[in-house]
Amino acid sequence: VVDATPPTVVFVHAESVGHETIQVTLQLDEPGTLWCAAAELDSSTMVAHCKESYVQDMQPDTTYAYCYYESFIKGGVSAGTVFRADVHLAFHDYDIEVNAIWQADQMASQVLEHENPYKIYCFAEDDWKIQADGAADNSINYYTPAGPNRVSLPDVITLVDAIAVQTTLDESPPSFTLLRIHDPTAHDSTITVTFSLNEAGTAYCRATRADAAEASGHLTINRILSASWSAAVSAAGVTTILEMTRLANLDPSLASSEDETALFDDQHQYHVYCWARDSAVNSLGYARTNHMLQSYVDTLIVSPTAPAGGTTT
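For the structure given in this document, a descriptive report is provided here. (Residues numbered from 1 in each chain as written. Predicted model: local features only at pLDDT ≥ 70, side-chain atom pairs only at ≥ 80, totals over all residues. Heavy atoms only, no water.)

1. Observations regarding the nonpolar core
Quick note on the threshold: Take the buried Ala, Val, Leu, Ile, Met, Phe, Trp, Tyr and Cys residues and link them wherever side-chain atoms come within 4.5 Å; each set so joined is a nonpolar core. To sort residues, take the accessible area from a 1.4 Å probe on protein chains only and compare it with the maximum for the residue type: under 20% means buried, over 50% means exposed, and anything in between is partly exposed. In this description a helix means any DSSP run of H or I spanning at least four residues, a strand means any run of E spanning at least two, and both kinds are numbered starting from the N terminus.
Counting residues in each nonpolar core, the largest one holds 40 residues, and the members touching the most others are Phe72, Ile73, Ile120, Tyr121, Cys122 and Val156. At the level of elements, strand E2 (22–28), strand E3 (32–40), helix H1 (69–74), strand E4 (84–87), strand E5 (94–98), strand E6 (100–102), strand E8 (117–126) and helix H3 (153–163) are the ones that each hand at least two residues to this core. Formed by 32 residues, the second largest nonpolar core is a distinct cluster that contains Leu179, Val193, Ala207 and Met244.

If you want it as structure tokens, here you go:
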């Protein structure tokens, strides 16, 4: 019996699994092959790649038109853009990870941009030609199929809409773009920190007397967090003020010593240590935060308007 119908692609799941990788989970209703590729959104300023509205099914010859859907999705071996799965079992999950995007002229490729949205296009064909040609017995009227059955562009677009926009993850720790300790002589009981980050996030700070034993070495991140002084910024470049009035912002009944909750001492020098985490989320909207490293916290600020680290002495 001749198989003249293209395979049906079943969408299962899609998410970004890294700052350069998007994973799509699909099924086929029969054995075949799946391929996927990334395309830029129409709003993208990147002109070298296929955009969603550029993908077409009229002209496969790149001499006349780019982004023919089948060749674009199948990718190129030399360009490192072949992302495929050989499907041997119907209605079984197969994962395809896409980590690069092919140029429209098929001359080169680039890794996916970090924190960048993409549309994911997937193509499928069945194993009908392989199965038919490899059959143990054929009818005397048998003729070899011209090729496998392939999905159409409208089928591909339906799947694109189901996958929706996928954005690569943020996996870089935040950094301070401003970290200034106000003149300590302006107030006798408050240490004021003004800061901004290169992305949305929360900063935590702790002050320690310069003559305290712990001020002679680096202050661990856990020690900074235990002070419970923090402030958040909603976006890159937003400036926020954090005011500290004591070593730790704790309920006195929970403090390890009275010194932790006592007001700052007059006429004493304090070192200030700050650390931050960003507000990054995964593809499902759940927190997937990135944190400053201890080495960054240990580095002196040097310039408040271009901080090299999170420590001031």
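Structure's up, so let's keep going.
2. Describing the pairing of strand E12 (residues 201–209)
Regular strands have side chains that alternate between both faces of the sheet. The following threshold applies: Should DSSP find at least two bridges between two strands, the strands are regarded as paired.
Burial analysis of E12 places eight of its nine residues in the buried class, the great majority of the element. Sheet topology places E12 next to strand E13 (residues 230–233); four bridges connect them, and they run antiparallel. Within E13, the position partnered with Ala203 by the bridge is Ala231.

3. Describing the sheet that holds E5
This is how the line gets drawn: Think of each axis as a best-fit line through the C-alpha atoms, taken over the contacting stretch in the case of a helix, with angles from 0 to 180 degrees between the N-to-C directions.
One open sheet accounts for three strands, arranged E1-E2-E5; its pairing is antiparallel. Either end of the sheet is taken by a strand with one partner, and the two such strands are strand E1 (9–16) and E5. Across this sheet, the average inter-strand angle for adjacent strands is 25°, counted without regard to direction. Where E1 lies against E2, seven bridges are found, and the strand directions are antiparallel.

4. Some points on the state of the cysteines
Basically, it comes down to this: Working definition: a disulfide is two cysteine sulfur atoms within 2.5 Å of each other.
Under the counting rule described, the total for this entry stands at three disulfides. Through a disulfide, Cys36 is tied to Cys122; the S-S separation comes to 2.1 Å. Of note, the bridge from Cys36 to Cys122 carries an S-S torsion of about 105° and is right-handed in sense. Residue Cys36 is located in strand E3, and its partner Cys122 is located in strand E8; the two are separated by 86 residues in the primary sequence. As far as burial versus exposure is concerned, Cys36 and Cys122 are alike and both buried. Across a sulfur-sulfur distance of 2.0 Å, Cys205 and Cys274 are joined as a disulfide pair. Given an S-S torsion of about 110°, the disulfide between Cys205 and Cys274 has right-handed geometry. Taken together, the positions of Cys205 in strand E12 and Cys274 in strand E15 (residues 270–278) put the pair 69 residues apart, joining distant regions of the chain. The buried category is assigned to Cys205, whose relative accessible area is 0%.

5. Comments concerning the sheet that holds strand E10 (residues 176–181)
Spatially, the three strands line up as an open sheet ordered E10-E11-E14, and their pairing is antiparallel. On the outer flanks of this sheet lie E10 and strand E14 (240–244), each paired with one strand and no other. Looking at each pair of strands side by side, their axes are set apart by 20° on average, direction ignored. Pairing analysis gives five bridges linking E10 to strand E11 (residues 191–197), with the strands arranged antiparallel. Paired with Leu179 across the strands is Phe195, a residue of E11.

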